[in-house]
Amino acid sequence: MVTVKWTNKDFEVFTTPGLEQRMAALITNVRPKFEELGTTYSTYISSKTGDEFFPHVAKHARRKVNPPIDSWVAFATNKRGYKALPHFEIGLFKSHIFILLCAIYEAPTKKEIAENLLKNLDSFTILPETFYISGDHFAPTGILLGEAINDGSLEKLLTRLRDVKKGEFLIGLQLPKEKAIKLSAKEFSRVVDDTFDALLPIYNIMVNK
């Protein structure tokens, strides 16, 4: 069972000034939780899909000056990396936790991913309207899925994923800090389970499964 319980201290990591200081706080406070979530949910997603998933905890190794504004653990079917594949993530900004399914610009098959999703727009209507979508994995904000379906933003974002080199698509849940810190470990685990379960049919469409 997951024992991860989020606290204000976890979110305050991203207000720590300086790269070295923030990385030290991140490694001490947050990374152990990502490691545990990585072990648990790589097994969980593998059991749900029938494919072997591997955890990838963000190391931020390429950063030389600017401290990270978020961090995460990603799950993908490649042991060596995740960015080239559709993948799941659990992570946090200073304001919220995110639980996502992502196709980012490094994915060589993103045109096919987008075409598969565009052919199956009805599949998004059964997801919670409170999910959000985004076209930029660096941005903490996004568009509520219900609104995006109604105003055409969903289709526009998927078209951009298909046609624009830097196009991306992220979908899932944002859990505000104020709510996250009130959840027990068991309650948080249930939220993750429910979110990944809801996103799995979209993942299957992405990979044409």
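Preceding this section is the structure that the text describes.
> Tell me about the environment of histidine 60, and name the residues and values.
In this structure, histidine 60 sits in the loop between β1 (54–57) and β2 (70–76). Histidine 60 sits 133 residues away from aspartate 193 along the chain, and the two C-alpha atoms are 27 Å apart. Setting aside residues up to four positions removed in sequence, histidine 60 forms contacts with Met23, Leu26, Pro68, Asp70, Ser71 and Trp72. Within the local environment of histidine 60, its side chain forms a polar contact with the side chain of serine 71, the two groups lying 2.8 Å apart.

> Can you tell me about the nonpolar core, naming the residues and giving the values?
Counting 56 residues, the largest nonpolar core has Trp6, Leu37, Phe88, Phe124, Phe169, Phe188 and Phe196 as its most contacted members. In terms of residues, this core owes the most to one element, helix α2 (residues 19–49), which gives 10 residues. Leave out the neighbours within four places in its chain, and phenylalanine 124 touches Leu117, Leu145, Ile149, Leu154, Leu158, Phe169, Ile171 and Ile202. By size, the runner-up hydrophobic cluster in this structure holds 12 residues, among which are Ala76, Phe93, Phe98 and Leu100.

> I'd love a proper account of the packing of helix α3 (residues 110–118) against helix α7 (residues 185–206), names of residues and values included.
At a minimum axis separation of 8 Å, α3 and α7 run at an interaxial angle of 120 degrees. Between α3 and α7, the angle falls in the class oblique. Note on element contacts: α7 touches α3 through Ile202, Ile205 and Met206, opposite Ile113, Asn116 and Leu117. In terms of residue class, the contact of α3 with α7 is built from five nonpolar, one polar and no charged.

> I'd like to hear about the packing of aromatic side chains, residue by residue, with values.
Inspection of every chain in the model, using the stated rule, returns 11 aromatic pairs. Between tyrosine 41 and tyrosine 44, the ring centres sit 5.5 Å apart and the planes meet at 65 degrees, which makes this aromatic pair edge-to-face. Residue tyrosine 41 and its partner tyrosine 44 are located together in helix α2, separated by three residues, close to a single helical turn. A relative accessible area of 18% means that tyrosine 44 is categorised as buried. Here phenylalanine 88 and phenylalanine 196 contribute two aromatic rings whose centre-to-centre distance is 5.2 Å and whose plane-to-plane angle is 70 degrees, an arrangement assigned as edge-to-face. On the criterion of sequence distance, the pair formed by phenylalanine 88 in strand β3 (residues 87–93) and phenylalanine 196 in helix α7 is long-range, its members being 108 residues apart. Accessibility assignment for this pair places phenylalanine 88 and phenylalanine 196 in one class, buried. Ring-pair connections join several aromatic residues into one group, and the members of that group are Tyr41, Tyr44, Phe53, Phe75, Phe88, Phe196 and Tyr203. Looking at lysine 166, its charged tip hangs above the ring of tyrosine 105, at a distance of 4.0 Å from the centre.

> If you had to explain the packing of α3 against helix α5 (residues 153–163) to someone new, which residues and values would you point to?
Relative to each other, α3 and α5 sit at 155 degrees, their axes nearing to 7 Å. One element, α3, and the other, α5, form an angle in the roughly antiparallel class. Both α3 and α5 take part in a crossing whose hand is left-handed. Together, Lys110, Lys111, Ile113, Ala114, Glu115, Leu117 and Leu118 of α3 and Glu155, Leu158, Thr159, Arg160, Leu161 and Arg162 of α5 make up the contact between the two elements. Looking at side-chain class alone, the contact of α3 with α5 contains six nonpolar, one polar and six charged residues.

Calculation rules
- Residues numbered from 1 in each chain as written.
- Predicted model: local features only at pLDDT ≥ 70, side-chain atom pairs only at ≥ 80, totals over all residues.
- Heavy atoms only, no water.
- Helix = DSSP H or I, 4+ residues; strand = E, 2+ residues; numbered from the N terminus.
- Contact = heavy atoms within 4.5 Å.
- Polar contact = N/O pair within 3.5 Å; in protein donor to acceptor, adjacent residues only side chain to side chain.
- Core = buried A, V, L, I, M, F, W, Y, C linked by side-chain atoms within 4.5 Å.
- Buried < 20%, exposed > 50% of the residue type's maximum accessible area, 1.4 Å probe, protein only.
- Axes fitted to C-alpha atoms, helices over the stretch in contact; angles between N-to-C directions.
- Parallel < 35°, antiparallel > 145°, perpendicular 65-115°, else oblique.
- Nonpolar A, V, L, I, M, F, W, Y, C, P; charged D, E, K, R; others polar.
- Phe/Tyr/Trp six-rings, centres within 6.5 Å; stacked < 30°, edge-to-face > 60°.
- Lys NZ or Arg CZ within 6 Å of the ring centre and 35° of its normal.
- Left-handed = near helix turned anticlockwise from the far one by under 90°.

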